[in-house]
Amino acid sequence: MAGPPVRGQAAYEDRVLYQGDPWVRLDTLPRLLAEGWRRTLSAGGVVSVVRTPFQWSMSSPVIEIETGGYLGDVGLYVPEVQLPEALALLGLDEDPADEA
């Protein structure tokens, strides 16, 4: 089994078609953390969707989380055309060469 992806464009190769457009998985993380990232993305004008083992979710009402909705790991996806914006908003666009 491969280890976690390294930061950089190669880490964002998981693409799916959703509603007819290509979407890119930013990460797989616990639902509550993914929802926090979604709020940050939304505030910056980036659309996102969460993929649970059961369904795609464009919106995640708080009541779903409070009543015991799925809280395990989910995939967090953004439209491919908004990937650079999403990475910048989340601080994931750093080039490791810049840190040296």
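The structure this text deals with has already been given above.
Computed from a predicted model, the values in this text were never measured in an experiment.

Chemist: I keep staring at the sheet that holds strand β4 (residues 56-57) and nothing clicks. Help me out?
Modeler: Note: strands within a sheet are paired through backbone hydrogen bonds, in either parallel or antiparallel orientation. Here we have five strands laid out as an open sheet, ordered β1-β2-β5-β3-β4, and antiparallel in their pairing. The outermost strands of the open sheet, each flanked by one partner alone, are β1 (15-18) and β4. Where strand β3 (residues 49-51) meets strand β5 (residues 73-79), three bridges bridge the pair, whose relative direction is antiparallel. In the sheet register, V49 faces β5, and the bridge partner there is Y77.

Chemist: What is the right way to read the nonpolar core from this model?
Modeler: Considering soluble globular proteins, one finds that nonpolar side chains tend to be buried as a cluster. Ranked by internal contacts, the top residues of the largest apolar core, which has 18 residues, are Y12, L26, L41, V78 and L83. Those elements that place two or more of their residues in this core are β2 (21-30), α1 (31-43), β5 and α3 (83-89). Judged by nonpolar contacts, the second largest core, of five residues, contains Y18, W23, V49 and Y77.

Chemist: Looking at this structure, how should I read unusual backbone geometry?
Modeler: Residues other than glycine predominantly adopt negative phi, and peptide bonds predominantly adopt the trans conformation. In the Ramachandran plot, Q19 falls in the positive-phi region, its phi being about 55 degrees despite a non-glycine side chain. Mapped onto the secondary structure, Q19 falls in the loop between β1 and β2.

Chemist: Can you help me understand the pattern of salt bridges in this one?
Modeler: Opposite charge on two side chains permits pairing when their charged atoms draw close. Per the stated rule, a full pass over the model turns up four salt bridges. The partner of E80 in a salt bridge is R15, and the shortest N-O contact between them spans 2.4 Å. Of this pair, E80 sits in the loop between β5 and α3 while R15 sits in strand β1, and the two are 65 residues apart along the sequence. Residue classification places E80 among the partly exposed residues on the basis of a relative accessible area of 31%. Judged by its relative accessible area of 36%, R15 falls in the partly exposed class. For the salt bridge of R31 with E35, the shortest nitrogen-to-oxygen distance reads 2.8 Å. With a gap of four residues between them, R31 and E35 both fall in helix α1, about one helical turn apart. Both residues of the pair, R31 and E35, belong to the buried class.

Chemist: I would appreciate a short explanation of α1 in the present structure.
Modeler: In an α-helix there are 3.6 residues to a turn, and that puts residues three or four apart on one side. Helix length check: α1 (13 residues) gives 18 Å between terminal C-alpha atoms against 18 Å at 1.5 Å per residue, within 8%. Along α1, the residues that are buried comprise R31, A34, E35, W37, R38 and L41. The buried side chains of α1 occupy one side of the element, clustering within an arc of 160 degrees when seen end-on. Facing away from the buried side of α1 by over 90 degrees, the exposed positions are L32, R39 and A43.

Conventions and cut-offs
- Residues numbered from 1 in each chain as written.
- Predicted model: local features only at pLDDT ≥ 70, side-chain atom pairs only at ≥ 80, totals over all residues.
- Heavy atoms only, no water.
- Pairing = 2+ DSSP bridges.
- Helix = DSSP H or I, 4+ residues; strand = E, 2+ residues; numbered from the N terminus.
- Core = buried A, V, L, I, M, F, W, Y, C linked by side-chain atoms within 4.5 Å.
- Buried < 20%, exposed > 50% of the residue type's maximum accessible area, 1.4 Å probe, protein only.
- Salt bridge = Lys/Arg side-chain N within 4 Å of Asp/Glu carboxyl O.
- Expected span 1.5 Å × (residues − 1).
- Arc of directions from axis to C-beta.

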